[in-house]
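Next come the chains, spelled out residue by residue.
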Amino acid sequence: MADAMPPAEQKLAWNPFKTPSKGLASLLPFWSKADTTKEDHAAEAALLSHGRLSVATNGQPPSPAAGLVSKITDVEIDSSGNYIHTLSIEHADKPSRHNLVITHGYFTGLGFFFRNYDELSKVDGWNVYSIDWLGMGRSSRPTYTSVRTSEDERVAAAESFFVESLEEWRSRMGLEKMTLCGHSFGGYMSALYALKYPERVEKLVLVSPIGIPEPPEGYDEILRNGGGPLRKPPTPTPSQSPEPPQSVQAADEAKPGIRRVLFVRMAMNLWERNFAPQWVVRSAGPFGRRLIDWYIGRFSWLSEEQRISLAAYAHQISVLPGSSESALGDILRPGAFARRPLVGRIAGLRMPTVFMYGKNDW
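In this report, the structure presented in the accompanying data block is examined. A quick note: this is a predicted structure, and the numbers were derived from the prediction, not measured. (Residues numbered from 1 in each chain as written. Predicted model: local features only at pLDDT ≥ 70, side-chain atom pairs only at ≥ 80, totals over all residues. Heavy atoms only, no water.)

## Some points on the sheet that holds strand E4 (residues 126-131)
- Read across the open sheet, the seven strands follow the order E1-E2-E4-E3-E5-E6-E7; overall the sheet is mixed. Each edge of the sheet is formed by a strand with only one pairing partner; in this case those strands are strand E1 (68-76) and strand E7 (353-356). Strand after strand, the sheet turns through a mean of 20° between neighbouring axes, direction not considered.
- Note that strand E5 (residues 178-183) and strand E6 (residues 201-207) share six bridges and pair parallel. Its bridge partner lying in E6, His-183 is registered against Val-207. (Pairing = 2+ DSSP bridges. Helix = DSSP H or I, 4+ residues; strand = E, 2+ residues; numbered from the N terminus. Axes fitted to C-alpha atoms, helices over the stretch in contact; angles between N-to-C directions.)

Okay, here's the thing in structure tokens:
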């Protein structure tokens, strides 16, 4: 009898070693262990519950409360099985005339709006939908390939990845028109969607959108010099006396140190190669949660219990296999200015558009 086939090797979410030694191989599953899908949904549901929102997940029947049906579903968008993770809050007892669709920013997911859903659900005549971008949050994680034939094609391919997946989601959901509300990265992509599919957008709300302005003059050189231009002592005019030696010394001391310059240049190189913050979290293995706890700690207006739940959720969506997170480097230059700024494109918007900026924007 032929020997039985060995079990298929499980693919790790993060595996920096192509042929690890036996000792390293035994450590990798522990180091790069990601939570299961069931546990991920539990963290998301626990976070949403802080916003007084009880939701049904895939396979569970929704239980209407106060005429509302709140549910989380994975909406398939293509024949490959890719899906958009979706929170739906719909009025079951009366028809709704409007649809609000919320899109999240980078390094976040739909759970980050947990404090907003309850109030939004109380508005008569509106259904509320919140999505995870394809390749982010709890949505499917298809392979993302950066196009490097030219700068324009690099940006266009990345933008199309998100815009077209949003359009396919809209079609599968049967939404004829929607008010599109995007935060940060989501604002940038929502604006691009509205430019391409204006007939589908009733109103556009951009909350602290990225990618609006042009970078300052000499921006690349500013970065390469450690985040600020290397200042030189001013050249005195004939009517001025030469700078005293102590002023020249002070100017030299104000220059960024060599360590900072090297660090910034290394960061620029990693950015151009599409390394993302989530990669850092995954690479940190069991210490990745500490990085997330530090990041979430800045949300000082949340209660301790809310911060703990938010950190658990943020960590779980960050350690999932990498996908479209790496598109950030295709869309933004190092330092977060857009490669193709919206300021030169938003004149084409044909619907009412609102820009929102808050005191505690990040």
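## Things to note about the packing of aromatic side chains
- This structure, assessed with the given rule, holds 15 aromatic pairs.
- Ring geometry for Phe-112 against Phe-299: centres 6.5 Å apart, planes inclined by 65°, an arrangement best described as edge-to-face. In this pair, Phe-112 is assigned in the loop between strand E3 (98-103) and helix H3 (117-121) and Phe-299 in the loop between helix H10 (288-296) and helix H11 (304-318), connecting sequence segments 187 residues apart. Phe-299 carries the same exposure label as Phe-112, and that label is buried.
- With centroids separated by 6.2 Å and ring planes inclined at 85°, the aromatic side chains of Tyr-295 and Phe-299 adopt a geometry described as edge-to-face.
- The exposure class of Tyr-295 is buried, given its relative accessible area of 16%.
- The structure contains a cluster of three or more aromatic residues connected by ring pairs, namely Tyr-106, Trp-133, Tyr-144, Phe-161, Phe-162 and Phe-185. (Phe/Tyr/Trp six-rings, centres within 6.5 Å; stacked < 30°, edge-to-face > 60°. Buried < 20%, exposed > 50% of the residue type's maximum accessible area, 1.4 Å probe, protein only.)

## Side note on the pattern of salt bridges
- Counting across every chain of the model gives 16 salt bridges.
- With a closest N to O distance of 3.3 Å, Arg-339 and Glu-151 form a salt bridge. Separated by 188 residues along the polypeptide, Arg-339 in the loop between helix H12 (328-331) and E7 and Glu-151 in helix H4 (residues 151-173) bring together distant segments of the chain.
- By relative accessible area, Arg-339 is classed as buried at 13%.
- Linked by salt bridges that have partners in common, Arg-148, Glu-151, Arg-154, Glu-272, Asp-330 and Arg-339 make up one network. (Salt bridge = Lys/Arg side-chain N within 4 Å of Asp/Glu carboxyl O.)

## Focus: the nonpolar core
- Of all hydrophobic cores here, the largest spans 73 residues; its most connected members are Tyr-117, Phe-162, Trp-169, Phe-185, Leu-204, Ile-296 and Ile-331.
- Among the elements that line this core, the one with the most residues is helix H5 (residues 185-196), at seven residues.
- Among residues more than four places away in sequence, those in contact with Phe-162 are Trp-133, Leu-134, Met-136, Phe-185, Met-189, Ser-324, Ala-327 and Ile-331. (Core = buried A, V, L, I, M, F, W, Y, C linked by side-chain atoms within 4.5 Å. Contact = heavy atoms within 4.5 Å.)

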